[in-house]
Amino acid sequence: MTYLVTEECINCKHMTCVSVCPVDCFYEGANMLVINPEECIDCGVCVPECPVDAIIGDNEPGWDPNRIEAITIHNQKMSDMWPNITEARDPPEDHEEWFGVKDKMEKYGSEEPGLGD
């Protein structure tokens, strides 16, 4: 099983997950993080670190397999474009306002890279 970052991360962008990843498979976009599915070793230590439950397994119960496939493709595509991130920074000041907002990918998704390390 590979872990993936979902649209819940958009504009919440907590980074506690990156500091616990033993293989440094997180990549930073302007308003979210992603996991490179080919680099992830499926350890799951990042999952409990995310306060907005934005990290899921690629066989997550109750999730539509087509949606999982789209999330996997997005994580791979963006991790190929964005810089690697291994050190946590503070989330955006308004991160609490974004928790639970629906349809973030369609409305706020961005391919712009973040700063990385």
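Residues numbered from 1 in each chain as written. Predicted model: local features only at pLDDT ≥ 70, side-chain atom pairs only at ≥ 80, totals over all residues. Heavy atoms only, no water.

This next bit is on the packing of aromatic side chains. Summed over all chains, the structure comprises one aromatic pair. Seen in terms of ring centroids, Trp 98 and Tyr 108 are 4.8 Å apart; in terms of plane orientation they differ by 80°. Their pairing is edge-to-face. Of this pair, Trp 98 sits in helix 3 (residues 95-98) while Tyr 108 is found in helix 4 (residues 104-108), placing the two residues 10 residues apart along the sequence. For Tyr 108, a relative accessible area of 34% translates into the label partly exposed. (Phe/Tyr/Trp six-rings, centres within 6.5 Å; stacked < 30°, edge-to-face > 60°. Helix = DSSP H or I, 4+ residues; strand = E, 2+ residues; numbered from the N terminus. Buried < 20%, exposed > 50% of the residue type's maximum accessible area, 1.4 Å probe, protein only.)

Attention now goes to the side chain of Ser 79. Examined against the element boundaries, Ser 79 turns out to sit in helix 2 (residues 65-81). Separated by 3.3 Å, the side chains of Ser 79 and Asn 36 make a polar contact. A distance of 3.0 Å separates a polar atom in the side chain of Ser 79 from the backbone oxygen of Gln 76. Setting aside its immediate chain neighbours within four residues, Ser 79 contacts Tyr 27, Val 34, Ile 35, Asn 36 and Pro 37. (Polar contact = N/O pair within 3.5 Å; in protein donor to acceptor, adjacent residues only side chain to side chain. Contact = heavy atoms within 4.5 Å.)

Keep in mind these values describe shape, not function.
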